Amino acid sequence: MVDITDRVRNKSLHDKIVSAQEAAAFFKPDMNVACSGFTASCYPKAVPMALAERMKKEPFTINLWTGASTGPELDNALAAVKGIKGRLPYQTDTIIRQQINDGTIDYLDLHLSESAQLSRCGYLGKIDVALVEAVAITEEGNIIPSTSLGNTASYVQSADVVIVEINNTQPLELEGMHDVYIPLDPPNRVEIPIRKADDRIGTPFIPCRPDKIKYIVGCDIPDHTRALSPIDENSKKMSAYTLEFLKKEVELGRMPKNLLPLQSGVGNVANAVIAGFVDSDLEDLTVYTEVIQDGMLDLIDSGKLKFASGTAFSPSPEGLARFYKDINKYKKYILIRPEEISNSPEVVHRLGVVAMNTALEVDIYGNVNSTHVTGTKMMNGIGGSGDFARNAYLTIFYTPSVAKNGDISSVVPMCSHIDHTEHDVDIIITEQGLADLRGKAPRERALEIINKCAHPDYKPLLLDYYNRALEATKHAHTPHILEEALSFHERFLKTKSMKK
């Protein structure tokens with residue numbers, strides 16, 4: 001077993017240190033197992049893999065709750081042995097996605113800011129076990145998390161028992177980077193006292209009674225972080241449009257010179273947009289977001305970033321090595337909070353966050369689909385994009401103008417599934433241009449989006465649809481020809497085939 005006695009500072013807990021196999025034997029069919037983890041950060045690894053091995057010999061399923069997506073040693077390992085019956089609130093694993101779409105897994109796609117409260121209030125059933133990764137356990141039995149918080153603090157509070165994985169590949173210097181605050185639930189809730197991105201309002205540990213800890217397991221498996229693709233030309237163009245637009249907002253007096261706190265979604269486009277700020281003349285930037293990626297480290301190194309608050313530090317493998325090499329430098333600029341605080345509608349609205357997230361497709365009236373391919377197949381989930389989009393000072397969505405090597409337009413007459421309505425979307429950006437939807441009625445938005453954001457190959461088709469819908473509905477408020485709108489991808493493909 002991995003020696004972790006020096007990290008378990010409460011010596012009375014040393015007799016609870018067991019192997020991953022012994023801890024895995026505790027789980028029973030149909031248990032609700034709530035795990036730490038938000039992206040490939042701070043998720044349990046040794047116990048889930050031991051549990052997966054047990055499930056190979058003794059098939060059964062559990063319901064898996066997390067903060068968001070996790071790494072392969074948890075999501076992938078359990079899905080590969082068909083060990084998951086229910087999953088929430090977000091995922092990105094290929095096998096889980098397949099099993100969601102073939103009916104094997106019941107998936108509950110939730111706004112991330114709401115998932116902890118739903119679990120605390122019992123709407124999802126009780127939590128049988130909280131399985132969490134930690135850097136250390138304090139003398140009092142409290143838990144020091146590693147690279148994310150997600151829903152972990154709330155799960156620990158609500159669970160019947162807690163199993164802690166102490167990961168000795170995670171440096172002890174992570175201690176002090178966390179701000180753990182669990183809000184009261186209605187009718188006792190009070191305001192969350194955050195007025196600046198760097199405000200600390202909680203504790204640097206997850207409160208936990210020693211008697212609640214069932215087992216402690218050593219782990220020496222690092223976070224399986226994901227590599228970022230090189231920044232492509234389309235992402236550079238979208239980043240440039242963003243910077244040009246925000247500079248004009250400053251000139252017009254709608255934002256201060258250092259902007260308002262920035263929120264950026266996960267992935268290559270989001271990271272490219274943040275990286276674009278490095279070469280800008282903007283300074284003293286602040287970030288209030290979910291996930292802190294490599295681009296944030298670039299902003300720190302350039303002297304442009306004043307502070308970043310999030311719920312997870314989820315860089316590339318190179319970014320993680322870079323962070324650990326200079327952890328004492330970077331940790332001064334970064335604070336990790338529970339996701340119901342990082343994504344809190346109240347705080348997002350108060351701070352005036354600029355929300356920047358990605359879409360699968362957008363329609364000509366400004367509705368956004370972030371989750372479903374052709375309206376039926378789940379991709380990943382809504383994540384926190386809804387938390388920010390509905391409550392931000394400014395809401396921006398990004399998408400390349402085409403998908404599938406140009407065979408499909410990402411700008412469509414009507415989204416096949418809607419996660420963010422036209423009422424929540426201010427700006428749409430593709431590599432073709434930027435559509436500012438503020439203050440525009442639906443017919444005005446349609447022309448703005450088609451002319452500014454659609455790919456030249458599909459612009460004539462979209463304009464033809466819009467003009468015929470306008471005539472067919474006698475200039476209705478939101479002109480649509482319903483029998484055509486949702487089958488438009490088929491027309492795209494036919495037209496593309498004829499051109500070839």
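Residues numbered from 1 in each chain as written. Predicted model: local features only at pLDDT ≥ 70, side-chain atom pairs only at ≥ 80, totals over all residues. Heavy atoms only, no water.

Draft legend 1. Here's a closer look at the packing of helix H2 (residues 46-57) against helix H3 (residues 72-80). Where H2 contacts H3, the two axes come as close as 8 Å, and the packing angle between them is 10°. Relative to H3, the element H2 is oriented roughly parallel. Taken together, the residues of H3 that come into contact with H2 (itself represented by Pro 48, Met 49, Leu 51, Ala 52 and Met 55) are Glu 73, Leu 74, Ala 77 and Leu 78. Across the contact of H2 with H3, the residue classes break down as eight nonpolar, no polar and one charged. (Axes fitted to C-alpha atoms, helices over the stretch in contact; angles between N-to-C directions. Helix = DSSP H or I, 4+ residues; strand = E, 2+ residues; numbered from the N terminus. Parallel < 35°, antiparallel > 145°, perpendicular 65-115°, else oblique. Contact = heavy atoms within 4.5 Å. Nonpolar A, V, L, I, M, F, W, Y, C, P; charged D, E, K, R; others polar.)

Draft legend 2. Quick look at the packing of aromatic side chains. Across all of its chains, the model carries six aromatic pairs by this definition. With 5.7 Å between their ring centres and 50° between their planes, Phe 323 and Tyr 324 make a pair best called tilted. Classification of Phe 323 as buried rests on a relative accessible area of 0%. With a relative accessible area of 23%, Tyr 324 lands in the partly exposed category. Each ring, one from Phe 323 and one from Tyr 330, has its centre 6.1 Å from the other, and the planes form 25°; the classification is stacked. One exposure class covers both Phe 323 and Tyr 330, and it is buried. (Phe/Tyr/Trp six-rings, centres within 6.5 Å; stacked < 30°, edge-to-face > 60°. Buried < 20%, exposed > 50% of the residue type's maximum accessible area, 1.4 Å probe, protein only.)

Draft legend 3. How the structure looks around the pattern of salt bridges. Overall, the coordinates contain 30 salt bridges when judged by the stated rule. Put simply, Glu 58 and Arg 54 hold a salt bridge, and the shortest N to O gap is 3.2 Å. Among the residues examined, Glu 58 registers a relative accessible area of 39% and is labelled partly exposed. We classify Arg 54 as buried; its relative accessible area is 18%. Ionic pairing is found between Lys 196 and Asp 199, a salt bridge with its closest N-O pair at 2.9 Å. (Salt bridge = Lys/Arg side-chain N within 4 Å of Asp/Glu carboxyl O.)

Draft legend 4. Main features of the sheet that holds strand E10 (residues 213-219). Taken in spatial order, the eight strands line up as E1-E10-E9-E6-E2-E3-E4-E5 in an open sheet, and their pairing is parallel. Edge strands, defined here as strands with exactly one partner in the open sheet, are strand E1 (17-18) and strand E5 (106-107). Relative to strand E3 (residues 62-65), strand E2 (residues 32-35) is paired through three bridges, and the arrangement is parallel. In the strand pairing of E3, Val 33 is matched with Leu 64. (Pairing = 2+ DSSP bridges.)

Draft legend 5. A look at unusual backbone geometry. The peptide bond linking Leu 88 to Pro 89 adopts the cis configuration, its omega dihedral lying at -5°. As for its placement among the helices and strands, Pro 89 is situated in the loop between strand E4 (84-88) and helix H4 (94-101). At the junction of Pro 186 and Pro 187, the peptide bond is cis and its omega measures out at 10° in the coordinates. Positioned with a positive phi, Cys 42 is a non-glycine residue whose angle comes to about 60°.

Draft legend 6. Representation of the pairing of E4. Of all five residues making up E4, four are buried, and the element is well covered by its neighbours. Pairing analysis gives four bridges linking E3 to E4, with the strands arranged parallel. Paired with Trp 65 across the strands is Leu 88, a residue of E4. As for the winding sense of the linkage, the β-α-β connection from E3 through H3 to E4 is right-handed. Relative to E5, E4 is paired through two bridges, and the arrangement is parallel. Residue pairing across strands places Gly 86 opposite Asp 106, the latter belonging to E5. Viewed along the sheet, the connection from E4 through H4 into E5 turns out right-handed. (Right-handed = clockwise from strand over helix to strand, strands pointing away.)

Draft legend 7. Here's a closer look at the packing of helix H7 (residues 233-251) against helix H8 (residues 268-276). Taken N-terminus to C-terminus, the directions of H7 and H8 make an angle of 50°; their axes are 8 Å apart at the nearest point. The orientation of H7 with respect to H8, classified from their angle, is oblique. H7 and H8 meet at a crossing whose hand is right-handed. Across from Ser 235, Met 238, Ser 239, Thr 242 and Leu 243 in H7, the residues of H8 making contact are Val 269, Ala 272, Val 273 and Gly 276. (Left-handed = near helix turned anticlockwise from the far one by under 90°.)

Draft legend 8. Highlighting the environment of Ile 100. Relative to the helices and strands, Ile 100 resides in helix H4. Aside from chain neighbours lying at most four places away, what touches Ile 100 is Gln 91, Ile 105, Tyr 107 and Met 378.

Draft legend 9. Up close: H4. Within H4, the full set of buried residues consists of Ile 96, Arg 97, Gln 99 and Ile 100. Relative to the axis of H4, the buried residues are bounded by an arc of 165° and lie together on one face. With a side-chain oxygen lying 3.0 Å from the backbone nitrogen of Ile 95, the N-terminal cap of H4 falls on Asp 93. Downstream of H4 by one or two residues, Gly 103 has phi in the positive range, about 90°. (Arc of directions from axis to C-beta. Polar contact = N/O pair within 3.5 Å; in protein donor to acceptor, adjacent residues only side chain to side chain.)

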